[in-house]
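# Summary of structural features
Single-letter residue listing:
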Amino acid sequence: MVKRRSIEVHCGCGKLLARYSKGGKGRLVKMFFERILVDACGVFLTEPAPALHQELFCPQCQKRIATVQVIRGKFAAKLNQGAIVQP
Ligand SMILES: [Zn+2]
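Residues numbered from 1 in each chain as written. Predicted model: local features only at pLDDT ≥ 70, side-chain atom pairs only at ≥ 80, totals over all residues.

Here we take up the nonpolar core. Grouped together as the largest cluster of nonpolar side chains are 17 residues, with contacts concentrated most on Leu 17, Ala 18, Met 31, Ile 65 and Ala 77. The set of elements that each furnish at least two residues to this core consists of β1 (4-11), β2 (16-23), β6 (64-71) and β7 (74-79). Ignoring sequence-local partners within four residues, the contact set of Leu 17 consists of Val 9, His 10, Cys 11, Ala 40, Cys 41, Val 43, Cys 58 and Ile 65. (Core = buried A, V, L, I, M, F, W, Y, C linked by C-beta atoms within 7 Å. Buried ≥ 20, exposed ≤ 12 C-beta atoms within 10 Å, placed from the backbone. Helix = DSSP H or I, 4+ residues; strand = E, 2+ residues; numbered from the N terminus. Contact = placed C-beta atoms within 7 Å.)

Direction of pairing for strand β5 (residues 55-57) relative to β6: antiparallel, over a ladder of three bridges. When the sheet's bridge partners are listed, Phe 57 is paired in β6 with Arg 64. In sequence, β5 turns back onto β6 through a hairpin of six residues, with Gln 62 there showing a positive phi of about 70 degrees. Of the pairings in the sheet, the one linking β6 to β7 comprises six bridges and is antiparallel in character. Bridge pairing in β7 links Val 70 to Phe 75. Connecting the antiparallel pair β6 and β7 is a turn made up of two residues, with Arg 72 showing a positive phi of about 50 degrees. (Pairing = 2+ DSSP bridges.)

Bringing the environment of Arg 72 into the picture now. As for its placement among the helices and strands, Arg 72 is situated in the loop between β6 and β7. The exposure class of Arg 72 is exposed, given the 7 C-beta atoms found within 10 Å. When the C-alpha atoms of Arg 72 and Phe 32 are compared, they prove to be 10.0 Å apart, with 40 residues separating the residues in sequence.

Moving on, we get to the sheet that holds strand β3 (residues 30-32). Pairing is antiparallel across the open sheet formed by four strands, whose spatial order is β3-β7-β6-β5. A strand with exactly one partner marks an edge of an open sheet, and here the two such strands are β3 and β5. Strand-to-strand twist across the sheet, computed as the mean angle between neighbouring axes with direction ignored, equals 30 degrees. (Axes fitted to C-alpha atoms, helices over the stretch in contact; angles between N-to-C directions.)

Let us look at the sheet that holds strand β4 (residues 36-39). Across the sheet, four strands lie side by side as β4-β2-β1-β8; this open sheet has antiparallel pairing. Two strands close off the open sheet at either side, each with one partner strand: β4 and β8 (84-85). In terms of strand pairing, β2 meets β4 through three bridges, oriented antiparallel. Bridge pairing links Ala 18 to Asp 39 in β4.

Here the bond from Glu 47 into Pro 48 is cis, since omega is 0 degrees, no more than 30 degrees from zero. The residue Pro 48 is located in the loop between β4 and β5 in this model. Although it is not a glycine, Gln 62 sits at a positive phi angle of roughly 70 degrees. Mapped onto the secondary structure, Gln 62 falls in the loop between β5 and β6. Of note in this structure, Arg 72 is not a glycine but carries a positive phi near 50 degrees.

Now the structure itself:
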């Protein structure tokens, strides 16, 4: 079992985007949708779910925060490193 911790992911504008269950060390590069604990702005866990290659935007500053990709067979939000602030 991989050790995981809950982290907060903010946009550069300060908006809380998500709380995520992160495994491993190092920078957060992607967020698997199934491990997003809190979708603070309703950007990620939408109904219907975001489509592959769809771009996701911060609802506050309209910056592109992520692009939807399939990583190891699972849907994930590949984060735009320039737009994200993480602990
Ligand atoms: Zn923002």
